Amino acid sequence: MARSRMKNDVRRLNQIIGANIKRERMARGLSRDELAKSIVLTTPHLGLIERGERGANMYVLEQISTLLKITIDKLFVEPDLETKKEKTKEDVYRAKAAVLLSKLELKELKVAIQTMKALANLDAE
């Protein structure tokens, strides 16, 4: 009985870790292939980890957390109901925009903000 419960606990933890990796990767606009190559894993192996079908060792989790710029403990936390809802296209575009904006220099960022303000005013008319 205890052995099957432990297997279920490990399986559930792998699913939580995988879901968190996938969510954080997508929030940064990274493809599975891009992340896998950055941490020297195959894309199918990363897919198994993201689906919770395979566990990842601490070395791989540390590499992933470093590349995603999150603390490793965030990978172990069960997402709340808000993050479990399916992402809309708008959510995906907002995440991609945030990633792109984070890569701009200050001068470029000012131009981007002015452009966004102008676009927002077009909608108001």
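Up top you'll find the structure we're talking about.
Just so you know, these numbers come straight off a predicted model, no measurement behind them. (Residues numbered from 1 in each chain as written. Predicted model: local features only at pLDDT ≥ 70, side-chain atom pairs only at ≥ 80, totals over all residues. Heavy atoms only, no water.)

Chemist: Looking at this structure, I do not really get the nonpolar core. What am I missing?
Modeler: Nonpolar side chains in soluble globular proteins generally cluster together in the buried interior. The biggest cluster of nonpolar side chains holds 14 residues, and the ones touching the most others in it are Ile 21, Leu 46, Ile 64 and Leu 75. For this core, the elements supplying multiple residues, two or more each, are helix H1 (2-27), helix H2 (32-38), helix H3 (43-50) and helix H4 (58-68). With four residues, the top contributor of residues to this core is H4. Apart from residues no more than four positions distant in its own chain, Leu 46 is found in contact with Ile 21, Arg 32, Leu 35, Ala 36 and Ile 64. (Core = buried A, V, L, I, M, F, W, Y, C linked by side-chain atoms within 4.5 Å. Buried < 20%, exposed > 50% of the residue type's maximum accessible area, 1.4 Å probe, protein only. Helix = DSSP H or I, 4+ residues; strand = E, 2+ residues; numbered from the N terminus. Contact = heavy atoms within 4.5 Å.)

Chemist: Quick question: what am I supposed to make of a nonpolar patch on the surface here?
Modeler: A contiguous nonpolar patch, built from Leu 13, Met 58 and Phe 76 and spanning about 260 Å² of accessible area, is present on the exposed surface. Take Met 58: its relative accessible area is 51%, and that puts it in the exposed class. (Patch = residues over 30% accessible without salt bridge, like charges linked within 9 Å, V, L, I, M, F, W, Y side chains within 5 Å. Areas by Shrake-Rupley, 256 points an atom, 1.4 Å probe, with all protein chains shown as cover. Salt bridge = Lys/Arg side-chain N within 4 Å of Asp/Glu carboxyl O.)

Chemist: Looking at this model, I keep getting lost on the pattern of salt bridges. Mind explaining?
Modeler: For side chains of opposite charge, pairing can occur when their charged atoms come near one another. Within this structure, the stated rule accounts for seven salt bridges. Note that Arg 28 and Glu 24 form a salt bridge whose closest N and O atoms lie 2.6 Å from each other. For Glu 24, a relative accessible area of 13% corresponds to the buried category.

Chemist: For this particular structure, what's the right way to read the side chain of Glu 50?
Modeler: Here Glu 50 shows up in helix H3. Among the polar contacts listed, one links the side chain of Glu 50 to the side chain of Arg 25, at a separation of 2.6 Å. A polar contact is formed between the side chain of Glu 50 and the side chain of Arg 32, at a distance of 2.9 Å. Apart from the residues within four sequence positions on either side, Glu 50 is in contact with Gly 18, Ala 19, Ile 21, Lys 22, Arg 25 and Arg 32. (Polar contact = N/O pair within 3.5 Å; in protein donor to acceptor, adjacent residues only side chain to side chain.)

Chemist: Can you help me understand the side chain of Asn 20 in this one?
Modeler: Inspection of the secondary structure assignment puts Asn 20 in helix H1. Within polar-contact distance, the side chain of Asn 20 engages the side chain of Arg 23 at 2.7 Å. Of the polar contacts made by the side chain of Asn 20, one reaches the backbone oxygen of Val 77; its length is 2.8 Å. Discounting residues that sit within four places of it in the chain, Asn 20 has contacts with Lys 74, Leu 75, Phe 76, Val 77 and Pro 79.

Chemist: What am I meant to see in H3 here?
Modeler: Given 3.6 residues per helical turn, the α-helix brings residues three or four places apart onto the same face. Of the residues making up H3, those classed as buried are Leu 46, Gly 47, Ile 49 and Glu 50. Mapping the buried residues of H3 onto a view down its axis gives an arc of 160°, with all of them on the same face. Of the residues flanking the start of H3, the one acting as N-cap is Thr 42, its side-chain oxygen 3.1 Å from the backbone nitrogen of His 45. Residue Gly 52 follows H3 closely and has a positive phi angle near 75°. (Arc of directions from axis to C-beta.)

Chemist: Explain unusual backbone geometry to me, please; I cannot follow it from the model alone.
Modeler: Note: most peptide bonds trans; most residues except glycine with negative phi. Despite not being glycine, Val 40 shows a phi value in the positive range, around 60°. Within the secondary structure, Val 40 is located in the loop between H2 and H3. Although it is not a glycine, Lys 69 adopts a positive phi angle of roughly 60°. Structurally, the position occupied by Lys 69 is in the loop between H4 and helix H5 (81-84). Since its relative accessible area comes to 74%, Lys 69 is described here as exposed.

By themselves, these figures tell us nothing about what the structure is for.
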